[in-house]
Amino acid sequence: MDTTSPTSVLLATTNEVLLDDLLRLAAAASITPLVEPDLFGLRRSWHSCSLVVVGRDLAEPLAGFQPPHRSGVVVVGSTRDGDDLYRCAFDIGADAVYRLPVEESALAGKLADVLDGTARAALTLAFVGGCGGAGATTLAAAVALFGNRRGFRTMLIDGDPLGGGIELALGIERDPGDRWPNLLNAAGRVSAAALRSALPAVDGLSVLSWDQSDVTVLPPDTMSSVIGAAQRSSDLVVLDLPRRADPSVEEGFIRANATLLVVPCDVRSVAAAKRLSGPLRTVAGDLRVVARESRPGLSAADVSSHLSLPLATKLGTDRTLPAAMDQGNFVPPPRSSLGRAATAVLDLFDLLEPVVA
């Protein structure tokens, strides 16, 4: 994962008195933390830092969203808090509980130790097109295929019910297994093993897509539970998400470590992507652009500059891809423009060896 200028500690609380205490301890450890003052910001930045310090006030509501399991989470309360403090910590998978002020020195030590680093959790990447036909679905599928080829336990999730079904391109539309409509009642903690075993697969790549039913909307709880199960059973989760804003789609962006906005290098596409990038910034914690080159057109650097987003990679044009996808024969060669772009994305996030045993 890209670790340029990392922020090592996330502090999340609505309690100003508690926040003052936490900021004082962070300063003593020579740490400049990321501060999130509400539940929305906490969920968006859940994967951003080595250590997540959650105030008692946010721990309980966070538990209701069943955050993806990760190491390096602690809950902080006061000596006046009862046993519910430990229940909240257990519900969000926290490693430890600290009661202030009596355990202030222990928390200070935890903050000082965090600069040594922490284990990396499973990676989730979201892909979305800056305009219609941008190629986000194609790139998402390629990244999932190439990640699977590297030996990662990978799951590709099609979050767009109106996108035609990513499984058609992979040639598995007739294969047995669950699709999104079979999971509409999924809520709470979905079994990670059961989900993986229920899905169709391509050479070990698990795929969750759509059938030909009339279902076009997912409940946010379903999206949250399914992505959570995917993250618990995978090294790499790839989300192909639509441009429309609804709570279930936002859930996908919130749960992703990074979002890649695919934008063709022409003026109209960049203008459309500009309108989308504003709302995306509020839900995507790490938003980057993939510039799809065209001739004549803008440069990739121009697209990045106009959108004020870091450039993840460039994507060329392959005239043979549409026919291959229509035939269910989507196997991009490593040296193709799509293969090189998918490889660049995986390398960008340091996916060099499996991260889940």
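Residues numbered from 1 in each chain as written. Predicted model: local features only at pLDDT ≥ 70, side-chain atom pairs only at ≥ 80, totals over all residues. Heavy atoms only, no water.

(A) Helix α3 (residues 56-63), seen in detail. Taken together, the buried positions of α3 are occupied by Leu58, Ala59, Leu62 and Ala63. Around the axis of α3, the buried residues are gathered within 130 degrees of arc, so they sit on the same side. Residues of α3 that are buried in the fold lie against β1 (9-12), α2 (39-44), β3 (51-55), β4 (73-78) and α4 (84-91). (Buried < 20%, exposed > 50% of the residue type's maximum accessible area, 1.4 Å probe, protein only. Helix = DSSP H or I, 4+ residues; strand = E, 2+ residues; numbered from the N terminus. Arc of directions from axis to C-beta. Contact = heavy atoms within 4.5 Å.)

(B) Region of interest: the environment of Asp286. Of note, Asp286 is situated in the loop between α11 (267-283) and β12 (287-292). Residue Asp286 is classed as partly exposed on the basis of its relative accessible area, which comes to 24%. For the pair formed by Asp286 and Arg174, sequence separation is 112 residues and the distance between their alpha carbons is 36 Å. Setting aside residues no more than four positions away along its own chain, Asp286 makes contact with Asn257, Ala258, Thr259 and Phe349. Within polar-contact distance, the side chain of Asp286 engages the side chain of Arg288 at 2.9 Å. (Polar contact = N/O pair within 3.5 Å; in protein donor to acceptor, adjacent residues only side chain to side chain.)

(C) Structural view of the pairing of strand β10 (residues 236-240). With 5 of 5 residues buried, β10 lies mostly within the body of the structure. Covered by surrounding structure in β10 are Leu236, Val238 and Asp240 together with Val237 and Leu239, the residues of both alternating faces. The pairing of strand β7 (residues 154-158) with β10 spans 5 bridges and is classified as parallel. Opposite Leu156, over in β10, you have Val238 as the bridge partner. (Pairing = 2+ DSSP bridges.)

(D) View of the sheet that holds strand β6 (residues 123-129). Read from one edge of the open sheet, 8 strands run β8-β9-β7-β10-β6-β11-β12-β13, paired in mixed fashion. Two strands bound the open sheet, and with one partner strand each, they are β8 (201-202) and β13 (311-315). Sheet topology places β7 next to strand β9 (residues 205-208); 3 bridges connect them, and they run parallel. Along β9, the bridge assignment pairs Leu156 with Val207. Running over the sheet, helix α14 (residues 337-348) touches β6, β10, β11 (258-264), β12 and β13 and is turned about 165 degrees from β13. (Axes fitted to C-alpha atoms, helices over the stretch in contact; angles between N-to-C directions.)

(E) Here's a closer look at empty space enclosed by the protein. Going through the model one piece at a time under the given rule, you end up with 2 cavities of 30 Å³ or more. A breakdown of the residues in the lining of the largest cavity according to their chemical character gives 6 nonpolar, 1 polar and 2 charged. (1 Å grid on protein atoms, 1.4 Å probe; cavity = no way out; pocket = protein on both sides within 12 Å on 5 of 7 lines; lining within 4 Å. Points joined across faces, edges and corners; volume = space filled by probe spheres on them. Nonpolar A, V, L, I, M, F, W, Y, C, P; charged D, E, K, R; others polar.)

(F) Up close: the environment of Leu18. You can see Leu18 is positioned in helix α1 (residues 16-28). As a C-alpha pair, Leu18 and Pro68 span 50 residues in sequence and 25 Å in three-dimensional space. Leave out the neighbours within four places in its chain, and Leu18 touches Thr13, Gly55, Asp57, Val76 and Leu100.

(G) Expanded view of the packing of α11 against helix α12 (residues 300-307). Contact pair α11 / α12: the axes reach a minimum separation of 10 Å and the direction vectors enclose 45 degrees. The angle between α11 and α12 falls in the class oblique. Every pair of crossing elements has a handedness; the one defined by α11 and α12 is right-handed. Contacts from Val270, Ala273, Lys274 and Arg281 of α11 reach α12 at Val303, His306 and Leu307. Taken together, the residues of the contact of α11 with α12 sort by class into 4 nonpolar, 1 polar and 2 charged. (Parallel < 35°, antiparallel > 145°, perpendicular 65-115°, else oblique. Left-handed = near helix turned anticlockwise from the far one by under 90°.)

(H) Representation of the nonpolar core. One finds Trp180, Leu195, Leu261 and Leu307 to be the most contacted residues of the largest nonpolar core, which totals 42 residues. Ignoring any residue separated from it by four or fewer positions in sequence, one finds Leu195 in contact with Met155, Leu183, Val190, Val226, Ala229 and Ala230. The next biggest cluster of nonpolar side chains, apart from the first, holds 39 residues, and it includes Leu125, Phe127, Ala144 and Val290. (Core = buried A, V, L, I, M, F, W, Y, C linked by side-chain atoms within 4.5 Å.)

(I) Representation of unusual backbone geometry in the model. A cis amide bond links Leu100 to the next residue, Pro101, at an omega of 5 degrees. Following the sequence through the fold, Pro101 ends up in the loop between β5 (96-100) and α5 (104-113). A positive phi angle, close to 45 degrees, is found at Gln66, a residue other than glycine. Owing to a relative accessible area of 34%, Gln66 belongs among the partly exposed residues under this scheme. We note that Ser308 has phi near 55 degrees; this positive angle belongs to a residue other than glycine. By the element assignment, Ser308 lies in the loop between α12 and β13.

(J) Expanded view of the sheet that holds β4. Read across the open sheet, the 5 strands follow the order β2-β1-β3-β4-β5; overall the sheet is parallel. The open sheet has two free edges, formed respectively by β2 (34-36) and β5, since each of these has just one partner strand. Across the sheet, the mean angle separating the axes of adjacent strands is 20 degrees when strand polarity is ignored. Two elements, β1 and β3, share 4 bridges in a ladder whose sense is parallel.

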